[in-house]
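# An overview of the molecular structure
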Amino acid sequence: MNEGFGKLFWGFLFVFIEIHFVFIDILPDPIGYILIYTGLGIIVSKYPTIHVEKARGFALALIFFSVPTIFIAQNEIKKQVFTFWSTYSFLLEIVQFILIFYTFQVMLELAKKLESDLLYRGTSNLLKVYTSLFVLLTILQTFGMNFYSSTLTGLIIFLNVITFVIMIIFLVHLRQFKKWP
C-alpha cells in the first residue's frame, strides 16, 4: 500500500496545484491523474473492492478529459460566465469530486480492513467536511452571479480558503495511509 498511496499523494498534489509558466501548466493534471490511476491499480491488486474500480474509471476518464487544463488556467475560466470553457470547468470539478469521493470510500474500506478505528473516524469526518464544503461552494457559485453583495463574494473566498486547507489535510491523510502495510 505504501507505493499505491504514494502515487495517490503525488497525483492529487499535481491536480491541486496549478502553476502556469506563460501558458503551460508546469504540473499538468493528466500526469496527476495517471499517477492516481496507477496508484489505485496498485491498491486494487492488494485490496480488490468495487470502490477502487470505480475510482480508477473516473481517474482514467480524467486523464483524457483534463488535457485542456495543461494550456488553460482554471482560475481564468471561472471568471467567465456561460461559455463553453466555464461549463467544461464546472464538469471537470464535478468529475474530480466524484473521483475524490470514491478515493475516500477506498480509504474507509481499507481503514475497516486494517481495523483502525481512529483512521476510519478521521477519514469519515474529513469526507463529511469535504462533501459539505463542495456542495455549499457549488451552490453559492451557481447562484452567486445573481447577487451583487460583497458579503457573498467574501463568503465564497472564505470557503475557498477553507477548501484549500481541507485539500492539504486530505493530502496529509493520504500520507497516513501510506504508513500501513
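Residues numbered from 1 in each chain as written. Predicted model: local features only at pLDDT ≥ 70, side-chain atom pairs only at ≥ 80, totals over all residues. Heavy atoms only, no water.

Here we take up the packing of helix α3 (residues 50-65) against helix α5 (residues 84-113). Interaxial distance between α3 and α5 falls to 9 Å at its minimum, and their mutual angle equals 155°. By the criterion of interaxial angle, the relationship of α3 to α5 is roughly antiparallel. Taken as a pair, α3 and α5 cross one another with a handedness that is left-handed. In this structure, α3 uses His-51, Val-52, Lys-54, Ala-55, Phe-58, Ala-59, Leu-62 and Phe-65 to contact α5, whose residues at the interface are Tyr-88, Leu-91, Leu-92, Val-95, Gln-96, Ile-98, Leu-99, Tyr-102, Thr-103, Gln-105, Val-106 and Glu-109. Of the residues contributing to the contact of α3 with α5, the split by class is 14 nonpolar, 4 polar and 2 charged. (Axes fitted to C-alpha atoms, helices over the stretch in contact; angles between N-to-C directions. Helix = DSSP H or I, 4+ residues; strand = E, 2+ residues; numbered from the N terminus. Parallel < 35°, antiparallel > 145°, perpendicular 65-115°, else oblique. Left-handed = near helix turned anticlockwise from the far one by under 90°. Contact = heavy atoms within 4.5 Å. Nonpolar A, V, L, I, M, F, W, Y, C, P; charged D, E, K, R; others polar.)

Orientation of helix α1 (residues 2-16) relative to α5, taken along the N-to-C sense of each, is 155°, at an axis distance of 13 Å. Looking at the two axes, α1 sits roughly antiparallel to α5. Seen from above, α1 lies across α5 with left-handed handedness. Only Gln-96, Leu-99, Ile-100, Thr-103, Met-107 and Leu-110 of α5 make contact with α1, whose side of the interface consists of Phe-5, Leu-8, Phe-12, Val-15 and Phe-16.

Moving on to the confidence of the model for the chain. Atomic detail in the predicted coordinates should be set aside for any region of low pLDDT. Averaged over every residue, the pLDDT of the chain is 83; the share at 70 or more is 88%. Confidence scores differ between elements of the chain, with helix α4 (residues 74-77) showing the lowest mean pLDDT of 55 and helix α2 (residues 29-46) the highest of 92. (pLDDT = per-residue confidence, 0-100.)

Further remarks concern unusual backbone geometry. One non-glycine residue with positive phi stands out, namely Glu-115, at about 55°. Considering the arrangement of structural elements, one finds Glu-115 in the loop between α5 and α6 (117-143). The exposure class of Glu-115 is exposed, given its relative accessible area of 72%. (Buried < 20%, exposed > 50% of the residue type's maximum accessible area, 1.4 Å probe, protein only.)

Within this structure, the stated rule accounts for 1 salt bridge. Its salt-bridge partner being Arg-121, residue Asp-117 comes within 3.1 Å of it at the nearest N-O pair. Here the residue Asp-117 and the residue Arg-121 both occupy positions in helix α6, the gap between them amounting to 4 residues, near one helical turn. Residue classification places Arg-121 among the partly exposed positions, given a relative accessible area of 45%. (Salt bridge = Lys/Arg side-chain N within 4 Å of Asp/Glu carboxyl O.)

This part is about the environment of Met-107. Within the secondary structure layout, Met-107 lies in helix α5. Sequence separation between Met-107 and Phe-177 is 70 residues; the distance between their C-alpha atoms is 7.8 Å. Sequence-distant contacts of Met-107, defined by excluding residues within four places in its chain, comprise Phe-5, Thr-123, Phe-170, His-173, Leu-174 and Phe-177.

What follows is about α5. The end-to-end C-alpha distance of α5 is 44 Å, a good match for the 44 Å that 30 residues give at a rise of 1.5 Å each. Positive phi shows up at Glu-115, right after α5, with a value of about 55°. (Expected span 1.5 Å × (residues − 1).)

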